[in-house]
Amino acid sequence: MSGDGGRTAEGGLNARLKRFQVRYEPMVTRILLLVLFVTEVTAQFVTPLGDFLQDKAFLGGALLSLVGYVLYDSVKDLDSSLRRPTRLQVKSQELGTFVTEAFQARTVDIRFLGYTGETLYHELYHRLERLLDDPGPTRHVCIRVLIPDFGQPMTVPSRVGPDGRPQDDPAYRRGLEAQCQMYDQRLSAIAERLTSGGRVTAECEYRHYPGIPRDKICVFNRELALHGLYDVVTRTVQRSSEPEFYDPKGYRTDLNVWSREGDEDSKSVVATWNKHLDDLWSLSSAPSWRSLTPTAPPAPPSPPTPAPR
């Protein structure tokens, strides 16, 4: 308790000093500048004062140094205020901007945890395609995607049953699994083409995490973390003749943004999400489609032996 009180008192003192500086620093700076100006002008016409100041040149230099220090601090504060402020929240549709910025790095590391990752997939697909023609500064790409295990019974996604109760629907889950399989195979195919080209090494992998799609997390180059919550009770209808389904819409999810270039709290959040996704990845399992090895096509039947003449 005493420690908390000390920190509170220290914070209050710092706040009062800051308010004092903001209130009186401009006035003091103006007075110093005005005194220097009047003194220099007067010295041009009053010979004794000019001779005195010539002998005390170090005093004028000290005053100018003090004014320069004050002005430097003010210019630094102005520069900070003119910087683009950190955006605290963005829409999921804006992920393309973060993907583009991430691919400006030499080593690109993108982690995702969520539902199907459809919004992110389209951005990644087009960005990886561009690397085939112009890799720019990028030399290595690592993409890791964590999705729910759609092979297990789930409450979300599910069919909306009587009284709104969720009912597991294996067919619906299989459709989502097929969608994620397609994303994984397409991104992996481009990664293989990039790696075989020799200019960029790339890898992309999908894995399963246990549970329902509740959190949407994106981490870019371990420097920028985005997090939002799906609306898990969102309903959708595929066709008018079909029932409703609980099916979160990721593109509607708002994402909170933290950066390692921010304050200490923001840096701590980024470090936490990095560790969390690393730990989940180490506990995750590979989808069934990755464990299946492609089977060779059956050999064509041998032509019939011609009858002897």
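The rules behind the values
Residues numbered from 1 in each chain as written. Predicted model: local features only at pLDDT ≥ 70, side-chain atom pairs only at ≥ 80, totals over all residues. Heavy atoms only, no water. Helix = DSSP H or I, 4+ residues; strand = E, 2+ residues; numbered from the N terminus. Buried < 20%, exposed > 50% of the residue type's maximum accessible area, 1.4 Å probe, protein only. Contact = heavy atoms within 4.5 Å. Areas by Shrake-Rupley, 256 points an atom, 1.4 Å probe, with all protein chains shown as cover. Disulfide = S-S within 2.5 Å. Pairing = 2+ DSSP bridges. Phe/Tyr/Trp six-rings, centres within 6.5 Å; stacked < 30°, edge-to-face > 60°. 1 Å grid on protein atoms, 1.4 Å probe; cavity = no way out; pocket = protein on both sides within 12 Å on 5 of 7 lines; lining within 4 Å. Points joined across faces, edges and corners; volume = space filled by probe spheres on them. Nonpolar A, V, L, I, M, F, W, Y, C, P; charged D, E, K, R; others polar. Polar contact = N/O pair within 3.5 Å; in protein donor to acceptor, adjacent residues only side chain to side chain.

Bringing the overall build of the protein chain into the picture now. Looking only at helices and strands, one finds 8 helices and 11 strands in the protein chain. For the protein chain, with 309 residues in total, the buried portion stands at 33%. Counted over contacts in the protein chain with a minimum sequence separation of 6, partners at least 24 positions apart contribute 72%. A total accessible area of about 19900 Å² is found for the protein chain, and carbon and sulfur atoms account for 57% of it.

What follows deals with the state of the cysteines. This structure, assessed with the given rule, holds 0 disulfides. In this model C142 remains outside any disulfide bridge; the closest cysteine sulfur is found in C204, 8.8 Å from its own. Judged by relative accessible area, which is 5%, C142 ranks as buried. Using a relative accessible area of 8% as the deciding quantity, one classes C204 as buried.

Next up on the list: the sheet that holds strand β9 (residues 235-237). Pairing within the open sheet is antiparallel, and its 4 strands lie in the order β5-β4-β10-β9. With partners counted over all chains shown, the strands left at the sheet margins are β5 (166-167) and β9, one partner each. Pairing of strand β4 (residues 158-160) with β5, which is carried by 2 bridges, proceeds in the antiparallel orientation. Paired with V160 across the bridge in β5 is P166.

Per the counting criterion, the structure on display carries 6 aromatic pairs. Taken together, a centroid distance of 6.0 Å and an interplanar angle of 20° make the contact between F98 and F220 stacked. Of this pair, F98 sits in helix α4 (residues 95-102) while F220 sits in strand β7 (residues 215-220), and the two are 122 residues apart along the sequence. Each member of the pair, F98 together with F220, is buried. The interplanar angle of 45° and the centroid separation of 5.8 Å between the aromatic rings of Y121 and Y125 together place this pair among those described as tilted. With Y121 and Y125 both in helix α5 (residues 118-133) and 4 residues apart, the pair spans about one turn of that helix. The class for Y125 is partly exposed, based on a relative accessible area of 22%. Site record: aromatic cluster; members linked through ring pairs are Y115, F150 and Y230.

With that out of the way, let us pick up the layout of surface pockets. Its volume calculated, the second largest pocket comes out at about 340 Å³. Taken together, the elements giving at least two residues each to the lining of the second largest pocket come down to α5 and α6 (170-197). Per-element tally for the lining of the second largest pocket: the top contributor is α6, with 4 residues. Here the residues of the lining of the second largest pocket sort into 9 nonpolar, 7 polar and 4 charged.

What follows concerns empty space enclosed by the protein. Taken as a whole and judged by the stated rule, the model has 1 cavity of 30 Å³ or more. Quantified by volume, the largest cavity comes out at close to 40 Å³. Along the walls of the largest cavity sit R111, F112, R144, L146, L277 and W281, which together make up its complete lining. When contributions to the lining of the largest cavity are tallied by element, the ones reaching two or more residues are β2 (107-113), β3 (140-148) and α7 (264-283). Classifying every residue of the lining of the largest cavity gives 4 nonpolar, no polar and 2 charged.

Residue placement: S158 occurs in strand β4. Looking at S158, its side chain comes within polar contact range of the main-chain oxygen of T155, at 2.4 Å. The residues contacting S158, other than those within four sequence positions of it, are P166, Q167, D168, E244, F245 and Y246.

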